[in-house]
Amino acid sequence: MKLDRCKAYTRRTGWLRNLTWKNPVVTSALSLPFLVVSTYSLNSAAFIAASMVLVSLPVLLLRRLIGRRIPAPFSPVFYGAVAFAALMAVRWAGEWLMPTVFSSMGIYFYLIPMNSFLYLTIDHWEEAGSPGRPLRFALWHLAGFVLICLLMGLVRGVLVGGAFFQEELFGGLSFSGAYYPFFGFVLLGMIAGAMRWLHRVVLVVLLRRDQPKEERRPLLWRRRMKRGEW
Amino acid sequence: MWQTLLNFFFYSIAAIAAENVLFARALGLSYLGGQPRRIADTLLFGGVFTGMTVLSSGITWAVSNMLGSRPYLNYLRPTAFFAVICLIYLACYFVFGKLGRPRLLEIRRLLGTACSNCALFGTLMLMAVQRFSLAQSLGYGLGTGIGFTAALCLVDEAKHQLKRCAVPSSFRGMPVLFLYLGLVSLAIYGLTGHPLPQ
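Quick caveat: nothing in here was measured; it's all calculated off a predicted structure. The numbers attached to residues start from 1 for each chain and follow its sequence in the written order. Ligands are numbered from 1 and chains lettered from A, in the order in which they are written. At least 70 in pLDDT is required for a residue's local features to be given in this predicted model, at least 80 for side-chain atom pairs to be given and counted, and no such filter applies to totals for whole chains, interfaces and linings, which use all residues. The basis for the side-chain values is all heavy atoms of the structure; hydrogens and waters are excluded.

### Observations concerning the packing of aromatic side chains
What describes a pair of aromatic rings is the distance from one ring centre to the other and the angle between the planes of the rings. Note on ring pairs: Phe, Tyr and Trp rings are taken, using the six-membered ring of Trp, and paired if centres are within 6.5 Å. Classes follow the plane angle, with under 30 degrees stacked, over 60 edge-to-face and the rest tilted. Enumeration according to the criterion identifies 16 aromatic pairs over all chains in this entry. Taken together, a centroid distance of 5.5 Å and an interplanar angle of 75° make the contact between Phe109(A) and Tyr110(A) edge-to-face. A connected cluster of aromatic rings, assembled from ring pairs, spans Tyr40(A), Tyr179(A), Tyr180(A) and Tyr189(B). Positioned above the aromatic ring of Tyr75(B) is the side chain of Arg91(A), whose terminal nitrogen or guanidinium carbon lies 6.0 Å from the ring centre. When the NZ atom of lysine or the CZ atom of arginine is within 6 Å of a ring's centre and also within 35 degrees of its normal, the charge is said to sit over that ring. A cation sits over an aromatic face here: Arg108(B) above Tyr93(B), 4.1 Å from the ring centre.

Right, here's the structure in full:
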């Protein structure tokens, strides 16, 4: 069986894996509270995503530079303190840029430094092998979180408001249930499943193209096998 | 006295069921990743988490009262609560290490996960924002820990059951688990009497 196209696709889209179907949000349920609860509009989703990036970057950079000098019992305390300092700076800047966003986010803004993605990345840093690799992985995973956050914010914002950037959609029909956490769970599950499905479809198409024409299975071959036609 | 005990009891029941930290507030979900665990491991982690929640809820109630209505409360309160959690974590870490018993060392290994869990910090912030009394805070903290443990056991069992179901291949694992969590969250939301807005 030839796998040239499949191997080329897998080799060239390694970066896409960390953004989509291998994203730590959809594979390991990391940093979920912000996605499930706080992404009820595109504004709040964008703010959460930006805050997550601005809080995580100093922690990850410090881990890369001086991580080995921090004793293991003190590392959650040290990195948590750095994350909180970054969060207070984001809070101060946010009060100046978007003051109304904090009242709607409630306590979830203050949970950003306590998110599991940061602490798991820091704990498992040494297992990755080369020094630069965990930082690269962490940055790709952060990008994946931002992507899913914005996607969920967009979908839920359109469903709650019935409009897309002030343009009415579906005759202004809105679904206010999209505001609640249960919808966040369901939407996240559908996004995770859809990403995996797309990846599988691409692999199946490339696999079919790799095989010689006479060896390709016909479309819907399983149904035709059941009927005894093939 | 009776009023205090009733407050403690009702707030703990509310935190276990109607305000379940995992299903109603989506906190502490990171512990769901991976293969289903043994019930003993889940109960041990739940016990450590419950202990941390009860201990820190009492201390943060006192800290919150000391802070009162100072200026820059939005900056002071989260920082103070984080400092309390760190102090409790370090105290337990070194005391358990000094005592050296195998069970305590096993608990010490779980302390980092229990303390850096957003469910703990989120619960403390909720109690401070809603200005609970001491009895209410302790009851809510205990209920949160018990509710979180019960939710973890429920989700672990759900993972076992979902593995046996004919789930489409793209949805096996975490996607179908998210759908399950969404349905349970909706059920709890409806059971507490909230109607969906029209």
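### Some points on a nonpolar patch on the surface
All names here are of chain A. Nonpolar side chains collect at one region of the surface, where Leu-57, Leu-61, Leu-65 and Leu-139 lie side by side and expose about 350 Å² of accessible area between them. By definition, any uninterrupted DSSP run of H or I lasting at least four residues is a helix, any uninterrupted run of E lasting at least two residues is a strand, and each is numbered from the N terminus. When residues of the nonpolar patch are assigned to their parent elements, the largest contribution, three residues, is made by helix α5 (residues 42–66). Topologically, Leu-61 is positioned in helix α5. Residue classification places Leu-61 among the partly exposed residues on the basis of a relative accessible area of 44%. A patch consists of residues whose relative accessible area exceeds 30% and which take part in no salt bridge; residues with like charges are grouped when within 9 Å of each other, and nonpolar side chains (Val, Leu, Ile, Met, Phe, Trp, Tyr) when within 5 Å. Working definition of accessibility: Shrake-Rupley area with a 1.4 Å probe, residue cover restricted to the visible protein chains. When a carboxyl oxygen of Asp or Glu lies within 4 Å of a side-chain nitrogen of Lys or Arg, that pair is called a salt bridge. Burial classification: accessible surface area is computed with a 1.4 Å probe over protein chains only, and a residue below 20% of its type maximum counts as buried, one above 50% as exposed, and the rest as partly exposed.

### Topic: the side chain of Thr20(A)
Residues and elements named next belong to chain A. Mapped onto the elements of the fold, Thr-20 is located in the loop between α2 (14–19) and α3 (24–28). Since its relative accessible area comes to 13%, Thr-20 is described here as buried. In this view, Thr-20 contacts Val-26, Leu-147 and Met-195; residues no more than four positions away in its chain are not counted. Residues count as neighbours in contact if any of their non-hydrogen atoms are within 4.5 Å of one another.

### Considering the interface of chain A and chain B
Listed per partner, the contact involves 43 residues of chain A and 45 residues of chain B. Computed with a 1.4 Å rolling probe, the buried area is the accessible surface lost when two parts are put together, summed over both parts. Note on chain A versus chain B: buried area summed over both sides is about 3800 Å², and carbon and sulfur give 74% of it. Put simply, chain A and chain B have zero salt bridges between them. Each polar contact in these results corresponds to two N or O atoms within 3.5 Å; when the atoms are within protein, one needs to be able to donate a hydrogen and the other to accept it, and residues that are neighboring in sequence are counted only if both atoms are side-chain atoms. For the interface between chain A and chain B, the tally reads five residue pairs in polar contact (both at pLDDT 80 or more). Counting residues per element, the ones that place at least two in the side of chain A that touches chain B are α3, α4 (32–37), α6 (75–97), α8 (116–123) and α10 (181–210) of chain A. Of the residues forming the side of chain A that touches chain B, the biggest block, 12 residues, is contributed by α10(A). In the side of chain A that touches chain B, the residues fall into 31 nonpolar, eight polar and four charged. Any residue that is not Ala, Val, Leu, Ile, Met, Phe, Trp, Tyr, Cys, Pro, Asp, Glu, Lys or Arg is counted as polar, Gly included; the first ten are nonpolar and the last four charged.

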